[in-house]
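Examining the three-dimensional arrangement
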Amino acid sequence: MKRILFVIISISVLASVHDAGAKKKSVPRGSVLETAAAAASRLKPAEKDFVFGYASYHNANWDDAWNFFKKCADLSVLADHVLYYRGRIALIKGDANSARELFERLIQEHPQSIWAHDAKLRTAEAMIALKRFDDARKQLDRYLKEAGLDIERFDANLIRARSYVSQGDEGGDQAILKRMAASVISESEL
């Protein structure tokens, strides 16, 4: 586990440098995957698949990331991470039903995971894409009961507003956006 975390942290740092350098064209795009390959040389096969999946995800190579994460789905120590990233990829690729299933499985099987709380929000996004607007709003209500940070509440309300827009109900959207604006203004005046 420590070896995997070290590799992930290394890739994350490199991905951050890559993202910052992408605007300047100073860091080659393939360097994230090259670093992952070098760092993963001492890992077990399933651990390597996770590292390559993680690097591919951060390189926006969704198909490769999906395949690597799928190959290491049995890696129990990181099962919650695998479910989360596969759910995110499914959502990005427009497979909302798979995304919803993966996020719900993450919430059910790993309620203490660092990803469980965010998975609830992403489940609502998937439900909106599936045009299950009432279910999405119920999911957002559950999420908001647990949300502690203002940014979490803001994100949830923004997704709720999107659900009204997607459903064609501009009135609900406007009311939520006005409440969001009012809360931001009142907090900034403190």
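Residues numbered from 1 in each chain as written. Predicted model: local features only at pLDDT ≥ 70, side-chain atom pairs only at ≥ 80, totals over all residues. Heavy atoms only, no water.

**Structural notes on the pattern of salt bridges**
Heads up, the condition is: We define a salt bridge as a contact between a side-chain nitrogen of Lys or Arg and a carboxyl oxygen of Asp or Glu at a distance within 4 Å. Helix and strand assignments come from DSSP, with helices taken as H or I runs of at least 4 residues and strands as E runs of at least 2, each series counted from the N terminus. Relative accessibility decides the category of a residue: with a 1.4 Å probe and only protein chains considered, values under 20% of the type maximum give buried, values over 50% give exposed, and everything between is partly exposed.
Overall, the coordinates contain 13 salt bridges when judged by the stated rule. Of the charged contacts, one joins K71 and D49 as a salt bridge, the two residues approaching to 3.7 Å between their closest N and O atoms. In this pair, K71 is assigned in helix α4 (residues 62–71) and D49 in helix α3 (residues 45–58), connecting sequence segments 22 residues apart. Among the salt bridges present, the one from R100 reaches E104, with a minimum N-O distance of 2.7 Å. Highlighted residues: R100 and E104, both in helix α6 (residues 96–109), separated by 4 residues, approximately one helical turn. Residue classification places R100 among the buried residues on the basis of a relative accessible area of 13%. Among the charged side chains, a network of salt bridges with common partners joins R88, D118, R122, E125 and R162.

**Here we look at the packing of helix α5 (residues 79–92) against helix α7 (residues 116–129)**
In plain terms, the rule: Orientation is described by lines fitted to C-alpha atoms, with helices fitted over the stretch in contact, and by angles between N-to-C directions that extend from 0 to 180 degrees. What sets the label is the angle itself: under 35 degrees gives roughly parallel, over 145 gives roughly antiparallel, 65 to 115 gives roughly perpendicular, and the rest give oblique. With the far helix as reference, a near helix turned anticlockwise by less than a right angle produces a left-handed crossing, and one turned clockwise produces a right-handed crossing. We call two residues contacting when some pair of their heavy atoms lies within 4.5 Å. Three categories are distinguished: nonpolar for Ala, Val, Leu, Ile, Met, Phe, Trp, Tyr, Cys and Pro, charged for Asp, Glu, Lys and Arg, and polar for the others, with Gly belonging to the last.
Two elements in contact, α5 and α7, have axes separated by 11 Å at closest approach and are oriented at 25°. Taken together, the axis directions place α5 and α7 in an arrangement best described as roughly parallel. Seen from above, α5 lies across α7 with left-handed handedness. Here α5 contributes Y84, R88 and L91 to the contact with α7, which in turn contributes D118, R122, E125 and A126. Its residues placed into classes, the contact of α5 with α7 shows 3 nonpolar, no polar and 4 charged.

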